[in-house]
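A look at the structure
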Amino acid sequence: MKITDLPFGVTDWQSVEKTTHKGESGFAYWQTKQFGDIRVRIVTYSAGYLADHWCTKGHILFCMSGELKTVLKDGRTFVLSAGMSYQVADDAEPHRSSTTEGATLFIVD
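All values derive from a computational prediction rather than experimental measurement.

With respect to unusual backbone geometry
Despite not being glycine, Asp5 shows a phi value in the positive range, around 50°. Assignment of secondary structure puts Asp5 in the segment before strand 1 (18–22). Relative accessible area serves as the criterion here: at 79%, Asp5 is assigned to the exposed category. Phi at Asp91 takes a positive value of approximately 60°, unusual for a residue other than glycine. Summarising the element assignment, Asp91 is placed in the loop between strand 7 (85–88) and strand 8 (95–99). Asp91 sits in the exposed class, given a relative accessible area of 65%.

Some thoughts on the state of the cysteines
Cysteine pairs can be covalently joined through their sulfur atoms, and such a bond is termed a disulfide. Under the counting rule described, the total for this entry stands at zero disulfides. Here Cys55 is not cross-linked by a disulfide; its sulfur's nearest cysteine counterpart is in Cys63, at 17 Å. Looking at Cys63, the relative accessible area reads 0%, which means it is buried.

Thoughts on the side chain of Thr104
Within the secondary structure, Thr104 sits in strand 9 (residues 103–108). At a separation of 3.5 Å, a polar atom in the side chain of Thr104 contacts the side chain of Thr44.

Here we look at the nonpolar core
If you look at soluble globular proteins, the nonpolar side chains tend to sit buried side by side. Counting residues in hydrophobic clusters, the biggest one holds 14 residues, and the most contacted among them are Tyr45, Leu61 and Leu105. With near-sequence residues (within four places) excluded, Tyr45 lies in contact with Phe27, Ala28, Leu68, Thr99, Gly102, Ala103 and Leu105. Counting five residues, the second largest nonpolar core, distinct from the first, contains Val16, Ile38, Val40 and Ile42.

Each value, and the rule that gives it
- Residues numbered from 1 in each chain as written.
- Predicted model: local features only at pLDDT ≥ 70, side-chain atom pairs only at ≥ 80, totals over all residues.
- Heavy atoms only, no water.
- Helix = DSSP H or I, 4+ residues; strand = E, 2+ residues; numbered from the N terminus.
- Buried < 20%, exposed > 50% of the residue type's maximum accessible area, 1.4 Å probe, protein only.
- Disulfide = S-S within 2.5 Å.
- Polar contact = N/O pair within 3.5 Å; in protein donor to acceptor, adjacent residues only side chain to side chain.
- Core = buried A, V, L, I, M, F, W, Y, C linked by side-chain atoms within 4.5 Å.
- Contact = heavy atoms within 4.5 Å.

Following this line, the structure appears as structure tokens:
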């Protein structure tokens, strides 16, 4: 990734609007900032969240709190807890996430 045309800036995440996104079960709150082609988000998943689709978007994802289970379409499963991250390229490996107790993530895509 090459970051261009992005002056220094500070984001006060407490002032960024939350939008609600329903999953197959549960919901997610997204706080989103767009910087050109780069989207930066804090996503908070409710307890019992299950994504309603297989995602093919590339991400760099950092688990801030809770626990997130991610299943790849080929069946591999990964569990992230606070302090862990994953990265995946666009169109590389479809993935679907869920959480039993809830999780908060910092995502760049």
